[in-house]
Amino acid sequence: MQSMADALHTDRDLARRAAIHPVSTAADMRLWLARVPATRDFPADFDVMLRGQAALYTIEMSTSPGCLPCGDLWRKLSTFRARYGWQVRALGQEEAMLRSGRLGLPWVGNPVAWARPLSDPNRMVPIAIGTDHGANIARNAWLAARMLTGTRAAVGVRAMSKFTGIVGVRAPTSSSRKRR
């Protein structure tokens, strides 16, 4: 008979596998992204608000070398930076893990992008877990800025799309005791 702790652990593992989509090739990544709906409708103040808030916010992203989704998200955030003027910078893995723990995210993967006010490093909202469509990233940054300036969090979170969870495949670990 399975204990309650084992059942909870199994449920978390199943949820984690359902939420994380590791990809090892650009084609795999494109296939996963093809399943993700892209935002098409934006509020009238969308562009103006994002450009107007550029001096107040930054986007920070965890990343790792050779990670396809990291490169994809970095490219999309660079386009976002050029269009709206927000700062974008890399975030260390330790800081990303601390942030995920504080917000109760069920896992930390590469990449994770966070929007936060420049004046307060302790207030942040995840805007992408795994890569996503550029339109969805922009929408999530807009919602994060709204949430960080007073819009009820539940309203903003409901409006965000489900995060794609498209992450890079980790380097395989050896099953041989000698190689460990």
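(A) Local environment of helix α6 (residues 134–148). Along its 15 residues, α6 runs 21 Å from first to last C-alpha, staying within 8% of the 21 Å computed at 1.5 Å per residue. Among the 15 residues of α6, 12 are classified as buried, and the element is accordingly described as predominantly covered. Along α6, the positions that sit buried rather than exposed are N136, I137, A138, R139, N140, A141, W142, L143, A144, A145, M147 and L148. G150, located one to two residues past α6, shows a positive phi value of around 125°.

(B) Representation of the packing of helix α2 (residues 26–34) against helix α4 (residues 68–84). Running from N to C, α2 and α4 point in directions that differ by 60°, and their axes come no closer than 10 Å. The angle between α2 and α4 falls in the class oblique. In this structure, the crossing between α2 and α4 has a hand that is right-handed. Residues A26, M29 and L33 of α2 touch α4, and the partners they reach there are L68, P69, D72 and K76.

(C) Structural context of the environment of A34. Its location among the elements puts A34 in helix α2. Judged by relative accessible area, A34 falls into the exposed class, the value being 64%. As for A34 and D132, which are separated by 98 residues in sequence, their C-alpha atoms are 9.9 Å apart.

Here is what the cut-offs are and how they apply
Residues numbered from 1 in each chain as written. Predicted model: local features only at pLDDT ≥ 70, side-chain atom pairs only at ≥ 80, totals over all residues. Heavy atoms only, no water. Helix = DSSP H or I, 4+ residues; strand = E, 2+ residues; numbered from the N terminus. Expected span 1.5 Å × (residues − 1). Buried < 20%, exposed > 50% of the residue type's maximum accessible area, 1.4 Å probe, protein only. Axes fitted to C-alpha atoms, helices over the stretch in contact; angles between N-to-C directions. Parallel < 35°, antiparallel > 145°, perpendicular 65-115°, else oblique. Left-handed = near helix turned anticlockwise from the far one by under 90°. Contact = heavy atoms within 4.5 Å.

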